[in-house]
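Below are the chains, spelled out letter by letter.
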Amino acid sequence: MEAGTRKSAILLMSLGEEGAGSVLRYLPHSIVQEMGEAMATLTQVRRDEVGVVMEEFRLETEQYSALHLDSRTYLRSVLNKAMGDERAADLLENILESNNSASGIERLNQLEATEVVEIIRDEHPQIIATLLVHMDRTKAAEVLEKLPERVRHDAVLRVATFGGVQPAALKELTDVLNEMLSGEGTKRSRLGGVRVAAEIVNMMSSTQEESVIKHVREHDEALAQKMIDEMFLFENLLGLEDRSIQLVLKEVESESLIVALKGAPQELRDKFLKNMSQRAAETLREDIEMRGPVRVSQVEAEQKSILVIVRRLADAGEILLAGNGDDSYV
């Protein structure tokens, strides 16, 4: 357990059930899970260690009143140390641009894809693209699959060539969404571009994926190739380090893994098997061999669900995806 995680767990335990609950409900699910695991394994905490943690917390909170003097510089410094210059710059831009602006986009993420389609299908393609860019990748893919083919192809092209949106225009758009959905505030996602388009298309079914890429290729061969280069396929998991595979295995349900590997190349199966205990590997190998015929669509669905987990871990900085010769995070 990292020192910072241990300190956070000690602080939460010191707050009592009600206090800790009040804090945790404002944190992302992944952080809540991490804190829950840390608190569950917390043992043998000395009184003086608790005192040190509480004192550090008191000193930190006393500094809050001064943060407004140069809060952007402070935030930039913290993010740079935590994430590196490039990722910190992207995140800081999103934080500052979305700060204090209400948005109904998060409400779109909570709706069924069919409901979102009913809301946006008659809007201008550029508005649809703007909404897709700011939605969760998986939800955006579900919405795209349910849009008419012509609208779907046009939207992906616009996402791939999306250069950003003025804050005033985004605020106007989200104000309209607020009126329609009575949604609450949300954090802003990364802006569009080739990578965002690739991530969205990556989450679509293979048939839809091929159709979209074909259309983009007809429009712009180079753009289509850039999207393909950015798309992370299940076979690309071969390029992950063993430690990353082990982290992925902790997040994946066994049933999902069985079906996903049923349709995977032997080399990729071996990649997963060698990162498991001998007993677990033998059990998984037997389960795959004993499993009867599985529909290709089911295999693809489970593989894509695992890719969602992989991208979440990559976005959190826990694993590094093999890119095009660089070390950038995706």
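Nothing here was measured: the structure is a model prediction, and the numbers come from that model.

A. Broad picture of the overall build of the chain. Scanning the chain for helices and strands turns up 19 helices and zero strands. In the chain, which comprises 330 residues, the share counted as buried stands at 37%. Long-range contacts, defined here as pairs at least 24 residues apart, represent 77% of the contacts in the chain between residues at least 6 apart. Taken as a whole, the chain presents about 19300 Å² of accessible surface, with 50% of it coming from carbon and sulfur.

B. Here's a closer look at a negative patch on the surface. Taken together, Glu2, Glu34, Glu37 and Glu318 make up a surface patch of like negative charges. Its place among the elements puts Glu2 in the segment before α1 (3-24). Glu2 sits in the exposed class, given a relative accessible area of 64%.

C. Structural context of a nonpolar patch on the surface. Taken together, the side chains of Leu15, Val23, Leu27 and Ile31 define a hydrophobic patch exposed on the protein surface, amounting to about 270 Å² of accessible area. Looking at the element boundaries, Leu15 is found in helix α1.

D. Layout of the packing of helix α16 (residues 254-262) against helix α18 (residues 278-290). Between α16 and α18, the shortest axis-to-axis distance is 9 Å and the interhelical angle comes to 60°. One way to sum up the angle between α16 and α18 is to call them oblique. Where α16 crosses over α18, the handedness of that crossing is right-handed. In contact with Leu257, Ile258, Leu261 and Lys262 of α16, α18 contributes Leu284, Asp287 and Ile288. Of the residues assigned to the contact of α16 with α18, the class counts are five nonpolar, no polar and two charged.

E. Representation of the pattern of salt bridges. Under the criterion given, the structure shown has 11 salt bridges. Through salt bridges that share partners, Asp242, Lys271 and Lys274 make up one connected network.

F. Geometry of helix α17 (residues 266-273). Along α17, the residues classified as buried are Leu268, Arg269, Lys271, Phe272 and Leu273. Check the buried side of α17 and you find it contacts α15 (242-251), α16 and α18.

G. Expanded view of the packing of helix α8 (residues 125-134) against helix α10 (residues 149-160). The interhelical angle for the contact between α8 and α10, taken along N-to-C directions, is 65°, at an axis separation of 9 Å. Seen from above, α8 lies across α10 with right-handed handedness. Facing Pro125, Gln126, Ile128, Ala129, Leu132 and Val133 of α8, the residues of α10 in contact are Val151, Asp154, Ala155, Arg158 and Val159. The residue makeup of the contact of α8 with α10, split by class, is eight nonpolar, one polar and two charged.

H. Spatial organisation of the environment of Val201. Position of Val201 relative to the elements: it lies in helix α12 (residues 194-202). Ignoring anything within four residues of it in the chain, the contact list for Val201 reads Val156, Glu209, Val212, Met227 and Met231.

I. Structural detail: the nonpolar core. Of all hydrophobic cores here, the largest spans 67 residues; its most connected members are Leu132, Val143, Met227, Phe234, Leu237 and Ile306. Non-local contacts of Phe234, meaning those with residues more than four positions away in its chain, are made with Ala260, Leu261, Ala264, Leu268, Gln303, Ile306 and Leu307. Of all hydrophobic cores here, the second largest spans 11 residues; its members include Ile10, Leu24, Met35 and Met39.

J. Summary view of helix α7 (residues 113-120). Residues Ala113, Val116, Val117 and Ile120 constitute the buried set of α7. Around the axis of α7, the buried residues are gathered within 100° of arc, so they sit on the same side.

K. Here's a closer look at the environment of Thr207. Tracing the backbone shows Thr207 in helix α13 (residues 206-219). Accessibility expressed as a relative area gives 62% for Thr207, which makes it exposed. As for Thr207 and Glu145, which are separated by 62 residues in sequence, their C-alpha atoms are 10.0 Å apart.

L. Summary view of the confidence of the model for the chain. Residues of the chain with pLDDT of at least 70 account for 73%, and the chain-wide mean is 75. Residue range residues 323-330 is modelled with pLDDT below 50. Its contacts to residues more than four positions away, or to other chains, number 18 contacts.

So, how was this worked out
Note on numbering: residues in each chain are counted from 1, in written sequence order. Residue-level local features of this predicted model are given only where pLDDT is at least 70; pairs of side-chain atoms are given and counted only at 80 or more, and the full residue set underlies all totals for whole chains, interfaces and linings. The side-chain values count all of the structure's non-hydrogen atoms but skip hydrogen atoms and water molecules. Helix and strand assignments come from DSSP, with helices taken as H or I runs of at least 4 residues and strands as E runs of at least 2, each series counted from the N terminus. For the exposure calls, accessible area comes from a 1.4 Å probe over protein chains only, and a residue counts as buried if that area is under 20% of its type's maximum, exposed if over 50%, partly exposed in between. Pairs of residues are marked as contacts when any of their non-hydrogen atoms sit within 4.5 Å. Residue burial considers only the protein chains on display, and all accessible areas are found by Shrake-Rupley using a 1.4 Å probe. The patch calculation keeps residues exceeding 30% relative accessible area without a salt bridge and links them within 9 Å when they carry like charges or within 5 Å when they are nonpolar (Val, Leu, Ile, Met, Phe, Trp, Tyr). By salt bridge we mean one thing: a side-chain nitrogen of Lys or Arg within 4 Å of a carboxyl oxygen of Asp or Glu. When charges are tallied, Lys and Arg are placed among the positive residues and Asp and Glu among the negative ones, while His and the ends of the chain are skipped. The atom standing in for a charge is NZ when the residue is Lys, CZ when it is Arg, CG when it is Asp and CD when it is Glu. Here an angle of 0 to 180 degrees is reported between the N-to-C directions of two axes, which are lines fitted to C-alpha atoms, with helices fitted over the stretch in contact. Convention used here: angles under 35 degrees read as roughly parallel, angles over 145 as roughly antiparallel, angles from 65 to 115 as roughly perpendicular, and any remaining angle as oblique. When the near helix sits turned anticlockwise from the far one by under a right angle, the crossing is termed left-handed; a clockwise turn instead gives a right-handed crossing. When residues are grouped by polarity, Ala, Val, Leu, Ile, Met, Phe, Trp, Tyr, Cys and Pro land in nonpolar, Asp, Glu, Lys and Arg in charged, and all others, Gly among them, in polar. What is meant by a nonpolar core is a set of buried Ala, Val, Leu, Ile, Met, Phe, Trp, Tyr and Cys residues, joined one to another through side-chain atoms within 4.5 Å. Relevant arc is that of directions from the helix axis to the C-beta atoms, nothing else. Within a predicted model, pLDDT stands for the predictor's per-residue confidence, ranging from 0 to 100.

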